[in-house]
Structure formats: structure tokens, C-alpha cells
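# Reading the structure
Listed here are the chains, written in short residue letters.
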Amino acid sequence: MRIPGAFSPNEAAEMRAAIWRALETKGIRKDDTTTWTKERPEHLQHLKTDPVFRAVGSPKVLKTIADVLAGQAYDLPRNWGAFFIAFPTDRPWELPRNGWHCDANYTSSLFPPAGVRVHALLGDVGPGCGATQMLSGSHRLIHAWFKQHPHPGARGAEARKSLQRHPYIRDLHDLSTHDLRVERFMNGAEVVDGIPLQVVENTGCAGDVILLHPLVLHVAAPNAGQAPRFLLSGGVDTNAMWASVVAGIHGKSG
């Protein structure tokens, strides 16, 4: 779900300026592309508490999250997530084969969701310019898969290994499909088990916020553009998100 203009272009510009100031301490300067040698700069966690990023949690965003959670209680996050900066690379753009994941308990509920993932675009992001790739419809596929293949408390690498047995997900990771990947996975929806599946790019304008169901599979992609991609990624969880994991741990220990 996209929330266009969730915060203003001026607020987005102030956020980018704060990031650039932090990058300059690492020798990465906005006005000198020869310093853009680190594709994905790290160690920016200290910026999370900068008040400038509070604007991501605008009234429009909070209302939409409340609507999506259908009245479930949740705590406001202390900050709106981690910084994912993707500088331009000489590598050609391609649809990634590895790294597909969801930031959730893979056996959590379909509806209402047990949380919401928030992707805030701090700058304009065009196709092929480092946008996160998302598999639309994958939340329904994951929910159905783990109902048919029970795995209480499935999460992380263990859950991904189980999910990769699904024929479509297995093909998405197939190393031999280079020439056909965009045509099959991005240029149209493929209906699998009654679920339309299609990879879409997290593109948009500075100030846009994209809300994801926590079970949506997504992955980082190369930035084949000319400017860095600035993304702030976080979200909220209800108490139900990890309830089955905790129950599974308690059950095993007993």
C-alpha cells in the first residue's frame, strides 16, 4: 500500500541532508562522486534518534497503520527503522536470485496482519535505481504454504529453506533463468494456486511511504542509476507477531 506524500519534500530533503552529514564523516561527499566507492554504507544507526526522521510517522501514516491493523494494539516504535543507502554501481541491473526474505514470523497471521513494515522513500527512486524488489502476493503464498506444511515458529533461514521447496519460489532463486527472469517474474502476474504473483519495484517520490504486509518477500537490488537511493525501513508489530514462536520455544523446553 502506497501513501503518496506521507511527509513533505522539504522534510525528505532535511533527512537526506542529515544522512549526507553522517556520510561526510566517513569521507563520502555529496559533491564528489569519486568518493562514492562504498555501494552500501553501514554504521548509520546513530542517526535513528535524530528528530528530523520523526516526520516519517506522520498522522497520515499512523492512521493508515491503525486501519491496516484493524484495531489491534501496538506500540509506537522508538524510531522508524534502519537506513538503507544504495550508491550507484557499475554492475548491470538484474533481478536478484538470493536474499529473498520477509521481516516477520513466517507463520504469523494473514489478516489482520500481526504487524506492518514501513518503507519510507527519502529521495526519488526510479526503476533500476536500487529500489527494493517485492513479490506482490507472496504474503498469501507464505500463509498458505505454512498451513499446508506446518512448521510452528518458523522464522529466519529455517523458514526460507522450507519455503524454497515451493516451485515458484524455487524458480525465483534459480541461477539458470537469467535471460527470462524479468519477462516471467516482472512483466506480468503469474497465477499460482489461485494467487497472482508479480515482482514489483519499490519506486516512488521523496516523501512516499510504502506499507508492506510483514509476510511479503522482498530483496535488495543493485542501483544502476546515477544517484544514491535513500530508504528508511522499519515498522510496527503487535503482540501476536511472535506469539507462536514463543509458544513453540516453551513447548520444546517442556
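First, a word on what this report is: a plain description of the structure on this page. What you see is a predicted model, and the numbers here were worked out from it, not measured in a lab. The residue numbers shown here count from 1 along each chain, following its written sequence. In keeping with the predicted nature of the model, local features appear solely for residues at pLDDT of at least 70, side-chain atom pairs appear and are counted solely at 80 or more, and the whole-chain, interface and lining totals rest on all residues. The side-chain figures draw on all heavy atoms in the structure; neither hydrogens nor water molecules are used.

### Examining the overall build of the protein chain
Each helix and strand counted, the protein chain has seven helices and nine strands in total. The C-alpha extent of the protein chain, read off along each of the three principal axes, is 55 × 45 × 35 Å. Of all 254 residues assigned to the protein chain, the portion counted as buried reaches 46%. Any two residues whose heavy atoms approach within 4.5 Å are treated as being in contact. Here the analysis covers contacts within the protein chain between residues at least 6 apart in sequence; of these, 85% occur between residues at least 24 apart. For every accessible area listed, the method is Shrake-Rupley and the probe measures 1.4 Å; residues are considered covered only by the protein chains on display. In the form shown here, the protein chain has an accessible surface area of approximately 12600 Å², with 54% of it arising from carbon and sulfur atoms. As used throughout, the charge tally considers Lys and Arg to be positive and Asp and Glu to be negative, leaving His and the chain termini uncounted. Every charge is mapped to an atom, namely NZ of Lys, CZ of Arg, CG of Asp or CD of Glu. Computed over 27 positive and 24 negative side-chain charges, the separation of the two mean positions in the protein chain equals 6 Å. Helix numbers and strand numbers start at the N terminus; a helix is a DSSP run of H or I with at least 4 residues, a strand a run of E with at least 2. Per-residue accessibility, obtained with a 1.4 Å probe over protein chains only, is compared with the maximum for each type, and a residue is labelled buried under 20%, exposed over 50%, and partly exposed between these values.

### A short note on the sheet that holds strand β3 (residues 115-121)
Taken in spatial order, the five strands of this open sheet run β1-β7-β3-β9-β2, and their pairing is antiparallel. The outermost strands of the open sheet, each flanked by one partner alone, are β1 (2-3) and β2 (82-86). In this sheet, strand β7 (residues 209-212) lies alongside β3 in antiparallel orientation, the contact comprising four bridges. Following the sheet pairing, Ala120 is matched in β7 by Val209. Pairing between strands is defined by DSSP: at least two bridges between the two strands are required.

### Structural notes on the sheet that holds strand β6 (residues 195-201)
Taken in spatial order, the four strands make up an open sheet running β5-β6-β4-β8, and their pairing is antiparallel. In this open sheet, the two strands that pair with only one neighbour each are β5 (190-192) and β8 (218-219). This element, helix α3 (residues 138-148), spans β4 (133-136) and β6 of the sheet and lies at about 130 degrees to β6. Fitted lines through C-alpha atoms serve as axes, helices being fitted only where they are in contact, and the angles separating the N-to-C directions of these axes extend from 0 to 180 degrees.

### Describing the pairing of β7
Where burial is concerned, the two faces of β7 agree: the one with Val209 and Leu211 and the one with Ile210 and Leu212 are both buried. Relative to β7, β1 is paired through two bridges, and the arrangement is antiparallel. Paired with Arg2 across the strands is Ile210, a residue of β7.

### Quick notes on empty space enclosed by the protein
As defined here, a cavity is a set of points on a 1 Å grid over the protein atoms alone where a 1.4 Å probe fits but cannot get out. A pocket is an open set with protein on both sides within 12 Å along at least five of seven lines, and residues line them when an atom is within 4 Å of a point. Grid points are joined across faces, edges and corners, and a volume is the space filled by probe spheres set on the points. Per the counting criterion, the structure on display carries one cavity of 30 Å³ or more. Of the volumes computed, that of the largest cavity is approximately 30 Å³. Every residue along the wall of the largest cavity is listed here: Trp100, Arg160, Leu163, Gln164, Ile169, His173 and Leu217. Split by residue class, the lining of the largest cavity holds four nonpolar, two polar and one charged. In this classification, Asp, Glu, Lys and Arg are treated as charged, Ala, Val, Leu, Ile, Met, Phe, Trp, Tyr, Cys and Pro as nonpolar, and every other residue, Gly included, as polar.

### A closer look at the layout of surface pockets
Estimates place the volume of the largest pocket at around 520 Å³. Contributing to the lining of the largest pocket are 28 residues, with Ala82, Phe83, Phe84, Leu231 and Ser233 lying nearest its centre. Looking at which element gives the most residues to the lining of the largest pocket, the answer is strand β9 (residues 229-237), with five residues. Residue composition of the lining of the largest pocket, grouped by class: 11 nonpolar, 11 polar and six charged. In this structure, the second largest pocket encloses a volume near 360 Å³. Along the walls of the second largest pocket sit 17 residues, with Met1, Leu211, Leu212, His213 and Val216 positioned nearest its centre. Breaking the lining of the second largest pocket down by element, the ones donating at least two residues are β3, β4 and β7. The dominant element in the lining of the second largest pocket, judged by the number of residues it contributes, is β7, at three residues. Partitioned by chemical class, the residues of the lining of the second largest pocket number 12 nonpolar, five polar and no charged.

### Side note on the environment of Asp32
Mapped onto the elements of the fold, Asp32 is located in the loop between α1 (9-24) and α2 (59-68). As a C-alpha pair, Asp32 and Asp103 span 71 residues in sequence and 35 Å in three-dimensional space.

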